[in-house]
Amino acid sequence: MIESILEALQFSFMRHALLAGVLVSIACGIVGTFVVVKRIVFVSGGIAHAAYGGIGLGYYVKYSLLPLLFAGGDAAGDPRPGSWPLLGAILFSLLAAVIMGLIQRRTRQRADTIIGVLWAIGMALGIVLIDLSEGYKVDLMSYLFGSILAVERSELLIILGLDVLIVALVALFYKELLAISFDETFATVENVPVDAITIALLCLIALTVVMLMRVVGLIMVIAMLTIPAAIVGHFVQDMKRVMAGSIVLGMVFTVVGLWISYAWNLTSGASIILVSGVAYLASLAIRSLRMQRVAKL
Amino acid sequence: MKDWTTPESARWLLESKTERREVIAVRHVWAGYDHEQVLEDVSLSAYEGDFVGLIGPNGGGKTTLLRVLLGLLPPTRGEVRVLGRPVKEGRRAIGYVPQVIAFDRDFPISVWDVVRMGRLGHRGLLKRYTAEDNAVVAEALRQAELFDLRHRPIGALSGGQRQRAYIARALATQPQILLLDEPTSSVDPQVSGNIYELLRKLNDRVTILLVSHDMSAISSYVKTVGCLNRRLFYHGGQQLTAEMLELAYQCPIDLIAHGVPHRVFATHTHDEPQEDGA
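Residues numbered from 1 in each chain as written. Chains lettered and ligands numbered in written order. Predicted model: local features only at pLDDT ≥ 70, side-chain atom pairs only at ≥ 80, totals over all residues.

A. Structural detail: the overall build of chain B. Broken down by element type, chain B carries nine helices and 12 strands. Residue burial in chain B is summarised as follows: out of 278 residues, 44% are buried. (Helix = DSSP H or I, 4+ residues; strand = E, 2+ residues; numbered from the N terminus. Buried ≥ 20, exposed ≤ 12 C-beta atoms within 10 Å, placed from the backbone.)

Okay, structure coming up:
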């Protein structure tokens, strides 16, 4: 087993994948904790799926708009989509975060309906834009199901940069983020800028979602974002410890998932999610056993 | 317990009323949600040192009035001032104790961290809590007799302890006014008594305004009472009158005063008006 791990590590794509998994787990553990305690899993799902519109836009710009503008230029010749889809996803997810934030703040009812609609519109827009773009769409599936094995050095740098940004913002606004998560009304009375902080949190979720899309894919982003924090939350009752624990768990899940996917030649994103899911079910079982024991005493 | 029935205290009450500062001023306020008025022409004056209890049926606008006072709901008509200033400034002097109902027991936070949120208004964005903040939080916890439980997760507290934690959080804001929404709705009668005793002690320093549907508890501890059911019936008096109750509840009320001031028991012959029917 050790031999096969060493063998796997000789491939640069494997090293990149491990590094990406570990780096993404940091942002994921911190932001995911807020998603779980503030109960905004659905909004996060909306942001993730709306981001698909941005991927479509990226494709469209790269394969149809740029060749049109710079006919015969370099861009047209490159078969790979480059960072256009990623940039599109960042743009769209941030946009979705702001819109959903405003909707949640402004409308009393039916916020979930509107979020569901935006979720679907983002997705549909992405598909249509990809239909409209020229050329062969080779790695579309990679955004839906992740492609951690294809992470390049430049993307690792982007992920690292986003990590630093997320950690810095959460550290700077921690007391406000905690306050709006625990008791929005009280935070308002204390003159905390609740609207701005809420939208900032949703933007942090948007950036995390874009990173996670690379690792486990759009469809499973929510699982990766919420499972580690949900598990740790069963056993720890302090926000910062939940974050730390979620980061560690996220790292363990990605590393174990990657190894399983390598050893049995399975899809990496799905392997990571299955490992997380099994761990979550196990933690539920452990918790209910503990509660039964407490009840007996 | 101070006896408010003696001529002395009555005179004190009268005199001080003219000298004391008006800390809450509500003038002809109308407020509500989505075209439905919940408060109609409500006027209220509370003075420094007051301990005002407002009772009223569910849906009578108790929480709405607090939301207006806290600047969470702008009135459609009328004016509200706190310490002579607009509510969004004046609310800095208010310690707010919400009703303990919709509460996430699993939220990973300690009593200490909850109470420290009372310091948010004193420490703006990008500033860390200071040693002074921690001292204020510790003092607030001691007053609420929760200091020993400060490391507990908030979800592990009993109903009464949680209520005291929210009171401690409000005290940590170093308020001049305490606003409480149904402070005893989730606790049993004995604990309820403890909470009112705590409030009476605090009333030496802060003005208190609380709303509740629990008439008997309110009327035995507060200095002045009023009835709120869309309209407010409050004259700065110590006792609920049958007239006030009838006006507020719009149903006949058997009023029995057992010779004890502030004690009022009322029996309803009809159900209380419901949320949407009222």
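B. Local environment of the nonpolar core. Ile-47, Ala-51, Ala-206, Leu-212, Val-221 and Met-224 of chain A together with Leu-179 of chain B are the most contacted members of the largest nonpolar core, which has 171 residues in total. By residue number, the principal contributor to this core is helix H11 (residues 194-216) of chain A, which donates 17 residues. Excluding residues within four positions of it along the chain, Leu-179 of chain B makes contact with Leu-66, Leu-69, Leu-70, Ile-94, Tyr-96, Val-97 and Leu-209 of chain B. (Core = buried A, V, L, I, M, F, W, Y, C linked by C-beta atoms within 7 Å. Contact = placed C-beta atoms within 7 Å.)

C. Main features of the environment of His-151 of chain B. Residues and elements named next belong to chain B. Inspection of the secondary structure puts His-151 in the loop between helix H5 (131-143) and helix H6 (159-172). On the neighbour-count criterion, His-151 (10 C-beta atoms within 10 Å) is exposed. For the pair formed by His-151 and Ile-109, sequence separation is 42 residues and the distance between their alpha carbons is 9.1 Å. If we ignore the near neighbours within four places in the chain, the residues touching His-151 are Ser-110 and Trp-112.

D. Representation of unusual backbone geometry within the structure. Residue and element names in this part refer to chain B. Not every positive phi belongs to a glycine, and Glu-145 is a case in point at roughly 55°. With respect to the element layout, Glu-145 can be found in the loop between H5 and H6. Residues other than glycine seldom take positive phi values, yet Arg-230 does so here, at roughly 70°.

E. The arrangement of helix H2 (residues 62-69) of chain B in detail. Among the eight residues that make up H2 of chain B, seven are buried, leaving the element largely enclosed by the rest of the structure. Taken together, the buried positions of H2 of chain B are Lys-62, Thr-64, Leu-65, Leu-66, Arg-67, Val-68 and Leu-69 of chain B.

F. Structural context of the interface of chain A and chain B. On the chain B side, the residues contacting the 20 residues of chain A number 20 residues. Listing elements by their share of the side of chain A that touches chain B, those giving two or more residues are helix H9 (174-182), helix H10 (184-189) and helix H13 (239-264) of chain A. Ranked by residues supplied to the side of chain A that touches chain B, first place goes to H10 of chain A with five residues. For the side of chain A that touches chain B, a count of residues per class yields 11 nonpolar, five polar and four charged. (Nonpolar A, V, L, I, M, F, W, Y, C, P; charged D, E, K, R; others polar.)

G. Main features of the confidence of the model for chain B. All names here are of chain B. Summary statistics for chain B give a mean pLDDT of 82 and a share of 79% for residues scoring 70 or more. Contacts from residues 251-278, a stretch scored under 50 in pLDDT, to residues over four places away or in other chains number 49 contacts. Listed scores for the predicted complex are pTM 0.86 and ipTM 0.87. (pLDDT = per-residue confidence, 0-100.)

H. Layout of the pairing of strand E3 (residues 51-55) of chain B. Residues and elements named next belong to chain B. In terms of burial, E3 is a largely internal element, five of the five residues being buried. Neither face of E3 is left uncovered, since the one carrying Phe-51, Gly-53 and Ile-55 and the one carrying Val-52 and Leu-54 both have all their residues buried. Of the strand pairs in this sheet, E3 and strand E8 (residues 207-212) are connected by five bridges, and their pairing is parallel. The residue of E8 that forms the bridge with Gly-53 is Leu-210. (Pairing = 2+ DSSP bridges.)

I. Region of interest: the environment of Leu-281 of chain A. Note on placement: Leu-281 of chain A falls in helix H14 (residues 268-296). C-beta crowding within 10 Å serves as the criterion here: with 11 such atoms nearby, Leu-281 of chain A is assigned to the exposed category.

J. Main features of the sheet that holds strand E10 (residues 231-234) of chain B. Residue and element names in this part refer to chain B. Taking strand neighbours across the sheet as the criterion, the six strands line up as E6-E7-E8-E3-E9-E10 in an open arrangement whose pairing is mixed. The sheet terminates laterally at strand E6 (94-97) and E10, the two strands that pair on one side only. Between one strand axis and the next, the sheet turns through 15° on average, direction left out of account. Inspection of the sheet shows E6 paired to strand E7 (residues 177-181) by four bridges, in the parallel sense. Following the sheet pairing, Ile-94 is matched in E7 by Ile-177. Against the sheet, H2 touches E3, E7, E8 and strand E9 (224-229), its axis set at about 150° to E7. (Axes fitted to C-alpha atoms, helices over the stretch in contact; angles between N-to-C directions.)

K. How the structure looks around the sheet that holds strand E4 (residues 77-82) of chain B. Residues and elements named next belong to chain B. If you trace the four strands from one edge of the open sheet to the other, you get E2-E1-E4-E5, paired in antiparallel fashion. The sheet is open, and its two borders are formed by strand E2 (36-47) and strand E5 (85-86), each paired with just one other strand. Sitting on the sheet, H2 is in contact with strand E1 (22-33), E2 and E4, with an inclination near 65° to E2.

L. Quick look at helix H12 (residues 221-235) of chain A. Considering bend angle alone, the principal kink of H12 of chain A is centred on Ile-227 of chain A and spans about 30°; proline Pro-228 of chain A follows within four residues of it. Counted residue by residue, H12 of chain A has 13 buried out of 15 residues, so it is predominantly covered. (Bend = angle between axes of the 7 residues up to and from the residue.)

M. Molecular detail of the pairing of E4 of chain B. Residue and element names in this part refer to chain B. Pairing between E1 and E4: five bridges, direction antiparallel. Opposite Arg-27, over in E4, you have Glu-79 as the bridge partner. Summarising the sheet, E4 and E5 pair through two bridges and their orientation is antiparallel. By the bridge assignment for E5, Arg-81 is matched with Pro-86.

N. Representation of the confidence of the model for chain A within the structure. The predicted model of chain A has a mean per-residue pLDDT of 88, with 94% of residues at 70 or higher. Within chain A, the lowest mean pLDDT, 50, falls on helix H4 (residues 74-77) of chain A, and the highest, 96, falls on H9 of chain A.

O. Up close: the packing of H12 of chain A against H13 of chain A. All names here are of chain A. Look at H12 against H13: their axes get within 8 Å of each other, and the N-to-C directions meet at 125°. If you check the angle between H12 and H13, you find them oblique. For the pair H12 and H13, the crossing hand works out as right-handed. Here Pro-228, Ala-229, Ile-231, Val-232 and Gly-233 of H12 come into contact with H13, specifically with Val-242, Gly-245, Ser-246, Leu-249, Gly-250 and Phe-253. Residue composition of the contact of H12 with H13, grouped by class: seven nonpolar, four polar and no charged. (Parallel < 35°, antiparallel > 145°, perpendicular 65-115°, else oblique. Left-handed = near helix turned anticlockwise from the far one by under 90°.)

P. Local environment of the packing of H13 of chain A against H14 of chain A. Residues and elements named next belong to chain A. Between H13 and H14, the least distance of the axes is 8 Å, while the angle of their chain directions is 125°. Looking at the two axes, H13 sits oblique to H14. Handedness of the H13/H14 crossing: right-handed. Contact with H13, carried on its side by Phe-253, Thr-254, Val-256, Gly-257, Leu-258, Ile-260 and Ser-261, involves Ser-268, Ser-271, Ile-272, Val-275, Ser-276 and Ala-279 of H14 and no other residues of that element. Residues of the contact of H13 with H14, tallied by class, amount to seven nonpolar, six polar and no charged.

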